[in-house]
Amino acid sequence: MVRTLTGGASDGVVVRDFSGAAVTTITNEPGASQMALSPDGSVLYVALGSGDAISAIDTTTLTEAHRYATGASTCPRTLAVTSSKVWFGYS
């Protein structure tokens, strides 16, 4: 199934098919905003502005595989992914 994922400063990531129909919602993603895909497409990184973390979502299982803490009151907002690193901007 082909999927798209949307955030938007919410508390979840909505998975939609290309017709726009919601497939599922990945919950407990506080302040989900900017997203960046790993080079191989297997991981979607999501900035969690209200959670002071970066979420790593497995794009096959559509579940959070790991959450990386960014430090108290960092409020990550932007993401960039290289072949081996995830960079983030914060406010």
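Residues numbered from 1 in each chain as written. Predicted model: local features only at pLDDT ≥ 70, side-chain atom pairs only at ≥ 80, totals over all residues. Heavy atoms only, no water.

Asker: Break down the overall build of the chain for me, with residues and values.
Answerer: Assigned secondary structure in the chain consists of 0 helices and 8 strands. Counting every position in the chain, which comprises 91 residues, the buried fraction comes to 32%. Nonlocal contacts in the chain, meaning residues at least 24 apart in sequence, comprise 25% of its contacts between residues at least 6 apart. (Helix = DSSP H or I, 4+ residues; strand = E, 2+ residues; numbered from the N terminus. Buried < 20%, exposed > 50% of the residue type's maximum accessible area, 1.4 Å probe, protein only. Contact = heavy atoms within 4.5 Å.)

Asker: How would you sum up the packing of aromatic side chains? Please name residues and give values.
Answerer: Inspection of the entire model under this criterion finds 1 aromatic pair. Here phenylalanine 88 and tyrosine 90 contribute two aromatic rings whose centre-to-centre distance is 5.9 Å and whose plane-to-plane angle is 50 degrees, an arrangement assigned as tilted. Look at tyrosine 90 and you get exposed, because its relative accessible area is 58%. (Phe/Tyr/Trp six-rings, centres within 6.5 Å; stacked < 30°, edge-to-face > 60°.)

Asker: Describe in detail the nonpolar core, supporting the description with residues and values.
Answerer: With 10 residues, the main nonpolar core is built from Val13, Val15, Ile26, Ala32, Leu44, Val46, Leu48, Ala53, Ile57 and Leu62. The set of elements that each furnish at least two residues to this core consists of strand S2 (10-16), strand S3 (22-37), strand S4 (43-48) and strand S5 (53-58). Of all hydrophobic cores here, the second largest spans 7 residues; its members include Ala36, Val43, Ala47 and Leu79. (Core = buried A, V, L, I, M, F, W, Y, C linked by side-chain atoms within 4.5 Å.)

Asker: Can you explain the side chain of threonine 74? Please cite residues and give values.
Answerer: Tracing the backbone through its elements, the reader meets threonine 74 in the loop between strand S6 (63-69) and strand S7 (76-81). Judged by relative accessible area, threonine 74 falls into the buried class, the value being 10%. Excluding its chain neighbours within four sequence positions, the residues that come into contact with threonine 74 are Asp52, Tyr90 and Ser91.

The quantities given are spatial measurements derived from coordinates; they are silent on function.
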